[in-house]
Amino acid sequence: MKHDMEGMAMASPPNPAIHRHHHMMMHMTFYWGKNGEVLFSGWPGYDNLGMYILALIVVFFMAVFIEWLSHCNYYLIKENNSRSNHLAAGMGQTVLYGLRIGSGYMVMLAVMSFNTGIFLVAVFGYMLGFFFFGSRVFNKDSLNNTSDLPPMNCC
């Protein structure tokens with residue numbers, strides 16, 4: 001039985017959604033360039049330098065924000081050591097901790113795009129944040145760690 005494909009008409013036109021997403025290959029090595037996706041589908045997109053620069057700025061300031069949260073000192077227990085003050089301070093610390101950890105995971109996921117620019121701005125954001133909020137340059141109490149949040153340590 002011989003099948004002749006020349007005489008057959010296509011039953012339906014090709015799906016435009018398949019052709020639109022032909023750039024959606026995920027990188028498994030670092031690459032330079034403005035084309036890719038960071039955190040959200042279609043963002044910053046392809047051939048859109050403005051949105052790529054916005055993605056760089058967002059990741060940079062998220063890293064600075066995480067360092068600020070890591071070294072901030074908001075909830076100090078007042079002299080009257082009532083249980084409600086301890087509860088309020090504990091709840092505040094827990095909310096800040098969750099915000100810091102969630103933001104840290106967002107930066108980690110952005111870096112997992114393997115875009116070298118995103119990686120570099122994340123590292124520089126963490127470095128600048130540490131310089132202003134964690135180093136001895138601006139920290140008067142650098143010998144006494146008075147941060148309400150535990151430091152982000154691997155061990």
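Numbering of residues starts from 1 in every chain and runs along the sequence as written. For a predicted model such as this one, the threshold for reporting local features is a pLDDT of at least 70, and the threshold for listing and counting side-chain atom pairs is 80 or more; totals across whole chains, interfaces and linings nevertheless cover every residue. Note that water and hydrogens are dropped before the side-chain values are worked out from all heavy atoms of the structure.

Helix numbering and strand numbering both begin at the N terminus, where a helix is a DSSP run of H or I of at least 4 residues and a strand a DSSP run of E of at least 2. Within the protein chain, the secondary structure is distributed over four helices and two strands. Overall, the protein chain shows an N-to-C arrangement of helices and strands of α-β-β-α-α-α. The buried share of the protein chain, reckoned over its 155 residues, is 26%. For the protein chain, long-range pairs separated by at least 24 residues make up 64% of all intrachain contacts whose partners lie at least 6 apart in sequence. When the accessible area of the protein chain is evaluated, it comes to approximately 11,400 Å², of which 67% is carbon and sulfur surface. Summary of the burial criterion: residues with accessible area below 20% of their type's maximum are buried, those above 50% are exposed, and those between are partly exposed, where the area comes from a 1.4 Å probe applied to protein chains only. Two residues form a contact once any of their heavy atoms are found within 4.5 Å. Here the accessible surface of atoms and residues is derived via Shrake-Rupley with a 1.4 Å probe, and residues count as covered only by protein chains that are part of the display.

Working note: α-helix, 3.6 residues per turn, so residues spaced by three or four point in the same direction. The end-to-end C-alpha separation of helix α4 (residues 116-133) is 25 Å, in line with the 26 Å expected for 18 residues at 1.5 Å each. Considered for burial, the residues of α4 that qualify are T116, G117, I118, V121, A122, G125 and G129. For a helix, the expected span equals 1.5 Å multiplied by the residue count minus one.

The criterion for an aromatic pair is that two Phe, Tyr or Trp rings (for Trp, the six-membered ring) have centres within 6.5 Å, with stacked assigned to planes under 30 degrees apart, edge-to-face to planes over 60 apart and tilted to the rest. As enumerated under the stated definition, the model contains five aromatic pairs in all. Each residue in the set F30, F114 and F119 is aromatic and connected to the rest through ring pairs, giving one cluster.

Further remarks concern the confidence of the model for the protein chain. Here the protein chain averages 76 in pLDDT, and 66% of its residues register 70 or above. By mean pLDDT, helix α1 (residues 16-20) is the weakest element of the protein chain at 48, and α4 is the strongest at 95. What pLDDT reports is the predictor's confidence in each residue, on a scale of 0 through 100.

Checked against the element boundaries, G104 lands in helix α3 (residues 83-111). Put simply, G104 and A63 are 41 residues apart on the chain and 7.5 Å apart in space, counted from C-alpha to C-alpha. Residues within four places of G104 in sequence aside, it is in contact with I66 and Y126.

Another point: the nonpolar core. In these notes, a set of buried Ala, Val, Leu, Ile, Met, Phe, Trp, Tyr and Cys residues joined through side-chain atoms within 4.5 Å is what counts as a nonpolar core. Counting residues in each nonpolar core, the largest one holds 15 residues, and the members touching the most others are V38, L56, V59, V107, A110, I118 and V121. Listing elements by their share of this core, those giving two or more residues are α2 (49-71), α3 and α4. With eight residues, α2 is the largest single contributor of residues to this core. The contacts of V59, once residues within four sequence positions are left out, are V107, A110, I118, V121 and A122.

Residue position: F60 is located in helix α2. With 60 residues separating them in the primary sequence, F60 and L120 have C-alpha atoms 8.8 Å apart. Not counting residues up to four positions away in its chain, the partners in contact with F60 are V121, F124, G125 and L128.

Time to look at unusual backbone geometry. With a phi close to 65°, F114 is a non-glycine residue in the positive phi region. Topologically, F114 is positioned in the loop between α3 and α4. We classify F114 as partly exposed; its relative accessible area is 23%.

Now for a nonpolar patch on the surface. What makes a patch is a set of residues exposed beyond 30% relative accessible area and free of salt bridges, joined within 9 Å when like-charged and within 5 Å when nonpolar (Val, Leu, Ile, Met, Phe, Trp, Tyr). When a carboxyl oxygen of Asp or Glu is within 4 Å of a side-chain nitrogen of Lys or Arg, the pair counts as a salt bridge. Where nonpolar side chains cluster on the molecular surface, the patch consists of F30, W32, F119, L120, V123, F124 and M127 and spans about 720 Å² of accessible area. Its place among the elements puts V123 in helix α4.

For the rest of this paragraph, the subject is the packing of α2 against α4. Geometry is summarised by axes, namely lines fitted to C-alpha atoms with helices restricted to the contacting stretch, and by angles between N-to-C directions that run from 0 to 180 degrees. Contact geometry of α2 with α4 gives a least axis separation of 7 Å together with a crossing angle of 30°. Remark: the crossing between α2 and α4 carries right-handed chirality. Residue-level inspection shows Y52, A55, L56, V59, F60, A63, V64, I66, E67, W68 and H71 of α2 in contact with α4, the latter providing G117, I118, V121, A122, F124, G125, Y126, L128, G129, F130 and F133. Split into classes, the residues belonging to the contact of α2 with α4 amount to 17 nonpolar, four polar and one charged. The handedness criterion is simple: a crossing whose near helix is rotated anticlockwise from the far helix by less than a right angle is left-handed, and one whose near helix is rotated clockwise is right-handed. Any residue outside Ala, Val, Leu, Ile, Met, Phe, Trp, Tyr, Cys, Pro, Asp, Glu, Lys and Arg is labelled polar, Gly included; the first ten of those are nonpolar and the last four are charged.

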